[in-house]
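Tertiary structure, described
Residues per chain are reported as follows:
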Amino acid sequence: MNHLPLIIKREYLTKVKNKSFIIMTFLSPLIVIAFVAIVAYLSQLNSDKVRVVTILDESGLVKNIFKSTKNTSYNILESMSLEDAKNLVKISNGYGLLHIEDISGGKIESKNITFYSEESPSLTLISGLESQIQSELTLQNRIKEGIDVEKLKASIVNIEINQESFEGEKTSKADSVIKLIFGGLAGYLLFMFIIIYGNMIMRSVIEEKTSRIIEVIISSVKPVQLMLGKIIGTSLAGITQFVIWIILGSILMSIVSLILGIDMAQMQTPQQQIIEQAMESPEVNAQLQNILTGFYNLPLTNLIVAFILFFIGGYLLYSSLYAAIGAAVDNETDTQQFMLPIMLPLILAVYIGIFTVIEDPHGTVSTVFSFIPLTSPVVMLMRIPFGVPIWQQVLSLLVLIGSFMFTVWFAAKIYRVGILMYGKKPSYKELIKWIKY
């Protein structure tokens, strides 16, 4: 008789009714949202603060270039000594004093410009001041040397090579970034899902083994069915938890925004002001248009279908290995010797995807690792946005499914013997013997 549906149902209900599972399902979004709300609130307080920067320009060359913004106000001093200016800033609790020495017709250098403050100044503020002064002094030097600034600007040539396939499909450098981001997110999501719920499967096996419940269950259920039931039931519980997190997180974020009056879209920080100013540039708008075009050019249907299939295949493959480890040991401490060989291929896949696929998605290294079962779920997902033939995707998926079936058989052999073994820490040599039984 096939007991697999009953085992899946039992495992799922056991997980979702567990107190710690219920608590973490509802507590995790609360912790994350509370953290985000605190950061947003503190950022809002920081963005509401107006920094008063005093300017003492003894050279008279740049004192008129500073324009006050929402977060920064400039106070220009005239005919005052440096010591008096310092005292004035201290008394008025100003943010700092920018002093530019009088070089009497010479050339202003970095050593002639100093920013005085009570505490370490903002990196963003200092960078902005440096940029403004550098641009103004460069412009003045060019005019002084008799250089026609307008002609110089007109002579600048900006080159961005157009990219187009032989079939006429236009692409850009932004396309590669978008494809890498998608692949990276897919790989990271799979990585985290395997770690979180693979460990949950392993702990579940260890708990049942140490409580001797498994001895009763195994008398009427085949080990392979019991292992598959645990994997599938725990996976369904994990999906349920993720769905609850998304729904609850969205609701809590809306409530927190209303209570604290924080509109994430309207928050203004110095960094956001720089971004908004950059967005006014035609070049930046062109880059944004390229990004949107690159997103629409993605094979979205292929990506979604491949993501689901490779995600499920990769998770089931690693989960069966986690279940086998849980059956082989008596406690979580003993699992450490077996975890490294399982985690290394997954970590290797992420590094290959980031450092190899983006540079040469159809190269030998990328192609080979997209067919190796332990790395293909991550590497192939990173390759697909760059255009992988369907036959390669199907072949990789078939190899992954075949490897999963073999791994289930392999793990079931260990599972069958290991769940009845107590009080002994197994070695790799003993695991090989168990497979032969």
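Bear in mind that the values here come from a model prediction, so they are computed numbers and not experimental data.

1. With respect to the packing of helix α12 (residues 336-357) against helix α14 (residues 376-383)
One can describe the packing of α12 onto α14 by two numbers: an axis separation of 8 Å at closest approach and a directional angle of 20 degrees. Judged on the interaxial angle alone, α14 and α12 are roughly parallel. As α12 packs across α14, the resulting crossing turns out to be right-handed. Note on element contacts: α14 touches α12 through V378, V379, M382 and R383, opposite L346, A349, V350, I352, G353, I354 and V357. Among the residues making up the contact of α12 with α14, the classes are represented as nine nonpolar, one polar and one charged.

2. Looking at a nonpolar patch on the surface
Residues L236, I239, V243, I247, I251 and I255 make up a contiguous nonpolar surface patch of about 510 Å² in total accessible area. Structurally, I255 is set in helix α8 (residues 223-260).

3. Points about helix α4 (residues 123-144)
Helix length check: α4 (22 residues) gives 31 Å between terminal C-alpha atoms against 32 Å at 1.5 Å per residue, within 8%. Close packing links the buried residues of α4 with β1 (51-57), β2 (72-76), β3 (96-100) and β4 (113-116). G146 occupies a position one or two residues after α4 and carries a positive phi of about 80 degrees.

4. Here we look at the environment of I65
Of note, I65 is situated in the loop between β1 and β2. Classification of I65 by relative accessible area gives buried; the value is 19%. C-alpha separation for the pair I65 and S135, spaced 70 residues apart in sequence, amounts to 10.0 Å. Not counting residues up to four positions away in its chain, the partners in contact with I65 are Q132, I133 and E136.

5. Quick notes on the sheet that holds β2
The sheet built from four strands is open, its strands ordered β2-β1-β3-β4 with mixed pairing. Lying at the two open borders of the sheet, with one neighbouring strand each, are β2 and β4. Looking at each pair of strands side by side, their axes are set apart by 20 degrees on average, direction ignored. Where β3 lies against β4, four bridges are found, and the strand directions are antiparallel. Along β4, the bridge assignment pairs L98 with F115. With respect to the sheet, helix α3 (residues 82-91) is in contact with β1, β3 and β4, its orientation differing from that of β3 by roughly 165 degrees.

Cut-offs applied
Residues numbered from 1 in each chain as written. Predicted model: local features only at pLDDT ≥ 70, side-chain atom pairs only at ≥ 80, totals over all residues. Heavy atoms only, no water. Axes fitted to C-alpha atoms, helices over the stretch in contact; angles between N-to-C directions. Helix = DSSP H or I, 4+ residues; strand = E, 2+ residues; numbered from the N terminus. Parallel < 35°, antiparallel > 145°, perpendicular 65-115°, else oblique. Left-handed = near helix turned anticlockwise from the far one by under 90°. Contact = heavy atoms within 4.5 Å. Nonpolar A, V, L, I, M, F, W, Y, C, P; charged D, E, K, R; others polar. Patch = residues over 30% accessible without salt bridge, like charges linked within 9 Å, V, L, I, M, F, W, Y side chains within 5 Å. Areas by Shrake-Rupley, 256 points an atom, 1.4 Å probe, with all protein chains shown as cover. Salt bridge = Lys/Arg side-chain N within 4 Å of Asp/Glu carboxyl O. Expected span 1.5 Å × (residues − 1). Buried < 20%, exposed > 50% of the residue type's maximum accessible area, 1.4 Å probe, protein only. Pairing = 2+ DSSP bridges.

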